[in-house]
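Inside the fold
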Amino acid sequence: MSRAVEESNRRMLRARDAMDRAYAQPLDVPALARIAHVSEAHFTRTFRATFGETPHRYLQRRRVERAMFLLRETDRSVTDICFGVGFGSLGTFSRTFRDIVGSSPRTYRKEAAPAANVPTCFTMAWTRPTG
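The following refers to the structure shown. (Residues numbered from 1 in each chain as written. Predicted model: local features only at pLDDT ≥ 70, side-chain atom pairs only at ≥ 80, totals over all residues. Heavy atoms only, no water.)

**Concerning the overall build of the protein chain**
A count of helical and extended segments in the protein chain gives 8 helices and 0 strands. Along the protein chain, from the amino end to the carboxyl end, the secondary structure elements read α-α-α-α-α-α-α-α. Each of the three principal axes of the protein chain carries a C-alpha extent, and together these read 50 × 30 × 20 Å. Of all 131 residues assigned to the protein chain, the portion counted as buried reaches 34%. In the protein chain, once contacts between residues fewer than 6 apart in sequence are set aside, the share between residues at least 24 apart is 57%. (Helix = DSSP H or I, 4+ residues; strand = E, 2+ residues; numbered from the N terminus. Buried < 20%, exposed > 50% of the residue type's maximum accessible area, 1.4 Å probe, protein only. Contact = heavy atoms within 4.5 Å.)

**A short note on the packing of helix α2 (residues 29-36) against helix α3 (residues 40-51)**
Here α2 crosses α3 at 85°, and the two axes come no closer than 9 Å. The pairing of α2 with α3 is recorded here as roughly perpendicular in orientation. Across the interface between the two elements, Val29, Pro30, Leu32, Ala33 and Ala36 of α2 pack against Glu40, Phe43 and Thr44 of α3. A class-by-class count of the residues in the contact of α2 with α3 yields 6 nonpolar, 1 polar and 1 charged. (Axes fitted to C-alpha atoms, helices over the stretch in contact; angles between N-to-C directions. Parallel < 35°, antiparallel > 145°, perpendicular 65-115°, else oblique. Nonpolar A, V, L, I, M, F, W, Y, C, P; charged D, E, K, R; others polar.)

**Here we look at the pattern of salt bridges**
Counted according to the given criterion, the structure contains 7 salt bridges. Ionic pairing is found between Arg10 and Glu7, a salt bridge with its closest N-O pair at 3.2 Å. On the criterion of helical spacing, the pair formed by Arg10 and Glu7 is a turn pair, its members being 3 residues apart in helix α1 (residues 3-21). For Glu7, a relative accessible area of 28% puts it in the partly exposed group. (Salt bridge = Lys/Arg side-chain N within 4 Å of Asp/Glu carboxyl O.)

Shown next, in the form of structure tokens:
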């Protein structure tokens with residue numbers, strides 16, 4: 001691996017780590033590009049080439065993963081979870097959740113039982129959305 005590719009990967013990882021840490025915050029491509037120290041167009045193109053999805057889709061998936069956990073493990077309302085994980089509207093949250101998971105948040109909550117006595121690594125692998 002060349003030094004340039006290694007540095008590019010490091011920059012993209014820095015931005016992805018910021019998304020993982022602050023998934024509930026309003027993050028946009030200009031802010032993420034600044035974190036990676038590259039232009040907006042270069043950031044979007046390189047992020048997709050590095051991770052196989054756009055920064056926007058990665059952030060949506062990350063938020064949905066967190067929402068899945070909260071729906072399984074808490075009694076918080078769907079609306080509260082929606083805004084708590086960083087979505088700006090219930091409609092967008094529900095549509096995105098359905099696109100990624102394959103069911104509505106309410107249906108997912110009814111069908112998903114808390115994973116008692118199962119190691120977290122297995123639960124995460126079994127429940128990770130594929131979309």
